[in-house]
Structure formats: C-alpha cells, structure tokens
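For reference, the chains in residue letters:
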Amino acid sequence: LYLAELADVDIENWPAPVKATISEDVLLAGKTYKYLDCKINSINPNASPGESPLTGKLTLSPIIDGITPDSLAWLYANMGNDVIAIWERCQDGQLFLGGSPCSGGLKIKMSNIGTLDGGMLGIGLTLEGGDCPEPFYFYNGPLTVAEDPVPQT
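I'd like to hear about the packing of aromatic side chains, residue by residue, with values.
By convention here, two paired aromatic rings are described through the distance between centres and the angle between planes. In this structure the tally under the stated criterion is 5 aromatic pairs. Note on Tyr2 and Tyr35: the rings are 5.3 Å apart at their centroids and 50° apart in plane angle, and the pair reads as tilted. Residue Tyr2 is located in strand E1 (residues 2–5), and its partner Tyr35 is located in strand E3 (residues 34–35); the two are separated by 33 residues in the primary sequence. On the basis of relative accessibility, which here comes to 31%, the residue Tyr35 falls in the partly exposed class. Both rings, one in Phe96 and one in Phe136, keep their centres 5.9 Å apart while their planes meet at 75°; by these two values the pair is edge-to-face. Of this pair, Phe96 sits in strand E8 (residues 94–98) while Phe136 sits in strand E11 (residues 136–139), and the two are 40 residues apart along the sequence. On the accessibility criterion, Phe136 (31% relative accessible area) is partly exposed.

Structural data, given as structure tokens:
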C-alpha cells in the first residue's frame, strides 16, 4: 500500500480518467508516496453505496503486521489525516488509486491495535473516503516512493 497526504495532491490538475484509469502522476512536483507494508490480502477495497445511489464510499482495511514503537508513533501522528492510496492486486500486479479530491481523500482511522484475527499482534487501519461517483480507479501512472517507508516491525 502506498500513501500520500491529500495536501501533496495536485488537486487543480487532477487528470481525467480514461476507461476508469488514471495514467498520470496526481502528486505535486517533488512529492512522493510512502510505502506501508500490510498483511497480504488485508486491504480489501469495498465501495459501498453513498448517500445517493449515484455515489460510492471507498473503504480500505489494511493490517500492519506487528507493533513497534515506530509504527505506533506513526499511527498516532497520522490518525485523522486525509490521504490518497495506491494498492496492488497481488495476482496480476494491477495498481488501483483511491481517495481522489472528489471523495475528500481517505481518512486514516484505527480499527484495532493488539491481537487481530488469527491471533497475531498488529495494527488494523480503516481508510475511509467520502461520497464520490467514482470511488476508485485503475492506476497506470508513475509511482515515486519516498526512501523512508512507514515504520514497520
């Protein structure tokens, strides 16, 4: 999972999708994504109906495997922040982008810290967007990643 602060997104020049695909960089010049190492298959994108049947609300549910002082400090420092997210479908390497300016980004929330499903220790997150007629896109654009990932175990 790759995260970028919504403040780092070039909202004024958000590219128009072609066949539900964004193929251009959506970040401001010089801005990068941070890599968040999640448990495989824990992201589980879900675009449920919004207030109107013409909109959807995207929710991602990544799990950080393990708890360290750095990963917990990162969560506490970023809880409530709005981000955009790019995630990869492991089966075929296809990337997806969620949290467009239309949805107001994806708000970082904590769902659980401690013992998670399967008895492992970890941090469960919820990334939740607002109503948008296009809750997520395929993504084929550039992916510039910061050298310092989100702290992990």
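Report on the nonpolar core, specifying residues and quantitative values.
Counting 19 residues, the largest nonpolar core has Leu1, Leu3, Leu60 and Leu127 as the members making the most contacts within it. Of all elements in the fold, only strand E5 (56–60), helix H1 (69–78), strand E7 (82–89), strand E9 (106–115) and strand E10 (121–129) reach the threshold of two or more residues within this core. Those residues in contact with Leu3 that lie beyond four places of it in its chain are Thr32, Tyr33, Lys34, Leu36, Trp74, Val83, Ile84, Ala85 and Leu127. Listed in part, the 15 residues of the second largest apolar core include Val9, Leu27, Ile86 and Leu97.

Calculation rules
Residues numbered from 1 in each chain as written. Predicted model: local features only at pLDDT ≥ 70, side-chain atom pairs only at ≥ 80, totals over all residues. Heavy atoms only, no water. Phe/Tyr/Trp six-rings, centres within 6.5 Å; stacked < 30°, edge-to-face > 60°. Helix = DSSP H or I, 4+ residues; strand = E, 2+ residues; numbered from the N terminus. Buried < 20%, exposed > 50% of the residue type's maximum accessible area, 1.4 Å probe, protein only. Core = buried A, V, L, I, M, F, W, Y, C linked by side-chain atoms within 4.5 Å. Contact = heavy atoms within 4.5 Å.

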